[in-house]
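An overview of the molecular structure
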Amino acid sequence: MINTSNTAKLAIGLSVLAAITLVTASVRARTSEMSDADWMTYNRNLQGDRYSPLKEITTANVKALKPIATFDTGEALAFETGPIVVDGTMYFTTYQTTYAVDAVTGQLKWRSYHPVNTAGEGSHRGVAYADGMVFRGFNDGHFVAMKVTDGSVVWEKVVADPAKGESLPMAPLAWDGKVFVGNAGSEFFGVTGRIYALDTRTGDQIWMFHTVPDSGPAGATWTNKSNTNPPTGAGLWTTFSLDPASGALYAATGNPGPDFTLALHPGDNLYANSILALDARSGTLLGYVQPIKHDYHDWDMDAAPAIIRTRGGRELAVAGAKDGLVYGIDRARIGEVVRKGFGGPSSSKFGLLGEGELPIQYQTAATRRLNVDVPLNDQQFTRFAPGQGGGMVWNGPAYHPELNLIYTAMVDWATSVKLAPVSTLTGQPGHPWLGTHDSNFGQQDPKSQWGGDLTALDADSGKIRWQLHTSTPLLGGVTATGDGLVFCGDLNGDFSAYDGRTGKQLWTHHIGQAMAAGVVSYQAGGRQHIAVAAGLKSQNWPVETGTARIVIYRLP
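The structure displayed is predicted, hence computed values, not measured ones.

Describing the overall build of the protein
Helix and strand content of the protein: 5 helices and 36 strands. Seen through its principal axes, the protein has C-alpha atoms that stretch 65 × 60 × 50 Å. In the protein, buried positions account for 63% of the 556 residues. Expressed as a percentage of contacts within the protein between residues at least 6 apart in sequence, the contacts between residues at least 24 apart total 62%. Surface accessibility of the protein: about 19100 Å² in total, with carbon and sulfur atoms responsible for 50%.

Listed below in structure tokens is the structure:
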């Protein structure tokens, strides 16, 4: 379902075809000249594959890896940032502050502070980089562009309303003169998602897409909507990915609301729990898939898919989700519709009810799944896994092209939920809309029963090649590097390297701070470095708290 503002464009067949397929020489240069030395987006590149081709650190010498620098923010909060590194400078975020530090020494270059007075745990996931600026949102609804030289504000726009429960925790993505961002808030009454494309120079809106359309076939899939039960959900709270060859922007959307009460959101609820492919230049919907249907576990599609071409030649968007499954989504149709143009025969296949869903080539359980089809009720607790915070959370999969392996980090922590009687549920704007008996997210298993899974899957078949069960949930990013190494941290404060071929642990360093954020590999000063963001203070994750910090590693 396209937004109304694009309807006229669809009618101009040749013009739209030209607008979609035309990629200028300068854009080609910008997308192809990304240096192996840099980590330029939340998931390293536009395609979001979390793979660094650098090979100085190898499976043979990784045991010598040592911490060489630490930058401590002094802030105790939910540190979920995905650092980026460009030309030897690292940029990352906390709830109210944006930092730039030397990527070798950890020395502070600048910090920029934006006061936020709205409620929240203090989580934010990072910046986008383009045209000498970094971009980020704040949970007061403000979206800001800052100069990379000193952090001074270039422009500032308001694109979300915190009074309604909307926020901007995601790391945005920038490409072709546009920066893309969306609002979160799927847990709040009446809040639905919007994806924005803003001009990087001015902040002016270029297009906007509603993830829950007001009308049309997709809007009709919300079959029980009313003033007292408005469509709620499909928020955006994690970064996007983008295929520069087709100009397709891929977005993962959140759950419908109330989260756990299926009776109040029957129907397909498009486009909640979905992966959307939008034309990045116009905001037109090119295709979608809804891997999780009729969701009542708060199982978002919540991490950007990795846009890959496998060894077998498959064009896939590989996405993990909170349901513990890894989905290999065939994205070849997206290229076809772009090549043929919206006036061609493929156009009717996309965005129409019952048609156009992208095929799922495989789905693989990468962590424990328990009672996944058992209905919830208002008489007793129902225990299910992955739990409400389980499966893959905000960090997406990594893909190693030489090994043709997908790596996923998962949370294995069951939740028990008891519903409120439907007749007693009354929603209020600006308040959570969950459907549980106590208006909370359920009861988690004891900490003694939690765990995680690090899994390697064949990218063509989805078959598991190896899997390690860990003693804590794996919230942080998983990163693959050129010689076949895989890096990941855990909630015990252990940062480890594994042989990507076998899963054998080759090295570990006890940071002592829980890791729920990014791991990056980059070259600075002529040497390969690995850095990780550590520190987590959260009411959702019972871990020992400390101040948020960046730890940088290098060989002697």
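Some points on the confidence of the model for the protein
Detail in the predicted coordinates should be disregarded across regions flagged by low pLDDT. Residue-level pLDDT values for the protein average 92, and 91% of them are 70 or greater. Low pLDDT, under 50, characterises residues 1–32; the predicted model gives this stretch 47 contacts beyond four residues in sequence or across chains. The low-confidence segment residues 345–349 (pLDDT under 50) makes 7 contacts with residues lying over four places distant or belonging to another chain.

Remarks on the pattern of salt bridges
Inspection of the entire model under this criterion finds 18 salt bridges. As a salt-bridge pair, aspartate 412 and arginine 368 come within 2.8 Å of each other at their nearest N and O atoms. Of the two residues, aspartate 412 sits in strand E25 (residues 405–412) while arginine 368 sits in the loop between strand E22 (360–365) and strand E23 (382–384), which places them 44 residues apart along the sequence. You can call aspartate 412 buried: its relative accessible area is 7%. Residue class for arginine 368 comes out partly exposed when judged on its relative accessible area of 30%.

Describing the sheet that holds strand E7 (residues 128–130)
On the basis of which strands lie adjacent, the open sheet formed by 4 strands has the order E7-E8-E9-E10 and antiparallel pairing. The strands lining the two open edges of the sheet, one partner per strand, are E7 and strand E10 (153–158). Strand after strand, the sheet turns through a mean of 20 degrees between neighbouring axes, direction not considered. Note that strand E8 (residues 133–137) and strand E9 (residues 142–147) share 5 bridges and pair antiparallel.

What about the packing of aromatic side chains?
Per the counting criterion, the structure on display carries 21 aromatic pairs. Their ring planes at 70 degrees and their centres at 6.0 Å tell us that phenylalanine 71 and phenylalanine 92 sit as a pair that is edge-to-face. In this pair, phenylalanine 71 sits in strand E2 (residues 66–72) while phenylalanine 92 sits in strand E4 (residues 89–93), placing the two residues 21 residues apart along the sequence. Per residue, the accessibility class of phenylalanine 71 equals that of phenylalanine 92, and both read buried.

Points about the nonpolar core
Phe135, Phe143, Phe180, Ile195, Phe240 and Leu249 are the most contacted members of the largest nonpolar core, which totals 38 residues. Examining the composition of this core, we find that 4 residues originate from one element, strand E13 (residues 194–199), more than from any other. Beyond its immediate chain neighbours, meaning those up to four positions away, leucine 249 contacts Leu173, Phe180, Ile195, Trp207, Phe240, Ser241, Leu242, Leu276, Ala277, Leu278 and Ala280. Judged by nonpolar contacts, the second largest core, of 33 residues, contains Val86, Ala100, Val134 and Ile550.

Notes on the pairing of strand E32 (residues 494–499)
Of all 6 residues that make up E32, 5 are buried, and the element is covered over most of its length. Relative to E32, strand E31 (residues 485–489) runs antiparallel, the two sharing 5 bridges. Across the sheet, the residue bridging to glycine 489 is phenylalanine 495, located in E32. Hairpin connection between E31 and E32: a loop of 4 residues separates the two successive antiparallel strands, and glycine 493 in this loop has a positive phi of roughly 95 degrees. With 5 bridges joining them, E32 and strand E33 (residues 505–510) adopt antiparallel strand pairing. Bridge pairing in E33 places alanine 497 opposite tryptophan 507. Hairpin connection from E32 to E33: 5 residues lie between these consecutive antiparallel strands, with glycine 503 at a positive phi of about 85 degrees.

Considerations on the environment of glycine 82
Checked against the element boundaries, glycine 82 lands in the loop between E2 and strand E3 (84–86). Along the chain, glycine 82 and glycine 126 lie 44 residues apart, while their C-alpha atoms are 5.3 Å from each other. Beyond its immediate sequence surroundings of up to four residues, glycine 82 is in contact with Tyr42, Arg125, Gly126 and Gly518.

Quick look at the sheet that holds strand E27 (residues 443–444)
One open sheet accounts for 3 strands, arranged E23-E26-E27; its pairing is antiparallel. The strands lining the two open edges of the sheet, one partner per strand, are E23 and E27. Relative to E27, strand E26 (residues 415–417) runs antiparallel, the two being bridged by 2 bridges. Paired with threonine 415 across the strands is glutamine 444, a residue of E27.

Some words on unusual backbone geometry
Of note, the bond from glycine 257 into proline 258 is cis; its omega dihedral lies within 30 degrees of zero at 0 degrees. The residue proline 258 is located in the loop between strand E16 (248–252) and strand E17 (275–279) in this model. One non-glycine residue, asparagine 404, adopts positive backbone phi at about 55 degrees.

A word on the side chain of threonine 73
Relative to the elements of secondary structure, threonine 73 occurs in the loop between E2 and E3. Using a relative accessible area of 10% as the deciding quantity, one classes threonine 73 as buried. Looking at threonine 73, its side chain comes within polar contact range of the main-chain nitrogen of glutamate 75, at 3.0 Å. A distance of 2.8 Å separates the side chain of threonine 73 from the backbone oxygen of alanine 548, its partner in a polar contact. Excluding anything up to four places from it in sequence, threonine 73 contacts Phe92, Thr94, Tyr99 and Ala548.

So, helix H5 (residues 332–340)
Residues of H5 that are buried: Ile334, Gly335, Val337 and Val338. When H5 is viewed along its axis, its buried side chains cluster within an angular range of 165 degrees and face the same direction. Positive phi appears at glycine 341, one or two residues downstream of H5, with a value of about 90 degrees.

So, the environment of glycine 477
Residue placement: glycine 477 occurs in the loop between strand E29 (464–470) and strand E30 (479–481). Since its relative accessible area comes to 0%, glycine 477 is described here as buried. Residues in contact with glycine 477, not counting those within four places in the same chain, are Arg50, Asn395, Phe487, Cys488, Ala517 and Val519.

A closer look at the side chain of arginine 331
Within the secondary structure layout, arginine 331 lies in the loop between strand E21 (325–330) and H5. A polar atom in the side chain of arginine 331 sits 3.3 Å from the side chain of aspartate 243. Filtering out sequence-adjacent residues up to four positions away, arginine 331 remains in contact with Asp243, Tyr250, Ile307, Ile308, Arg309, Glu315, Leu316 and Ala317.

The rules behind the values
- Residues numbered from 1 in each chain as written.
- Predicted model: local features only at pLDDT ≥ 70, side-chain atom pairs only at ≥ 80, totals over all residues.
- Heavy atoms only, no water.
- Helix = DSSP H or I, 4+ residues; strand = E, 2+ residues; numbered from the N terminus.
- Buried < 20%, exposed > 50% of the residue type's maximum accessible area, 1.4 Å probe, protein only.
- Contact = heavy atoms within 4.5 Å.
- Areas by Shrake-Rupley, 256 points an atom, 1.4 Å probe, with all protein chains shown as cover.
- pLDDT = per-residue confidence, 0-100.
- Salt bridge = Lys/Arg side-chain N within 4 Å of Asp/Glu carboxyl O.
- Pairing = 2+ DSSP bridges.
- Axes fitted to C-alpha atoms, helices over the stretch in contact; angles between N-to-C directions.
- Phe/Tyr/Trp six-rings, centres within 6.5 Å; stacked < 30°, edge-to-face > 60°.
- Core = buried A, V, L, I, M, F, W, Y, C linked by side-chain atoms within 4.5 Å.
- Polar contact = N/O pair within 3.5 Å; in protein donor to acceptor, adjacent residues only side chain to side chain.
- Arc of directions from axis to C-beta.

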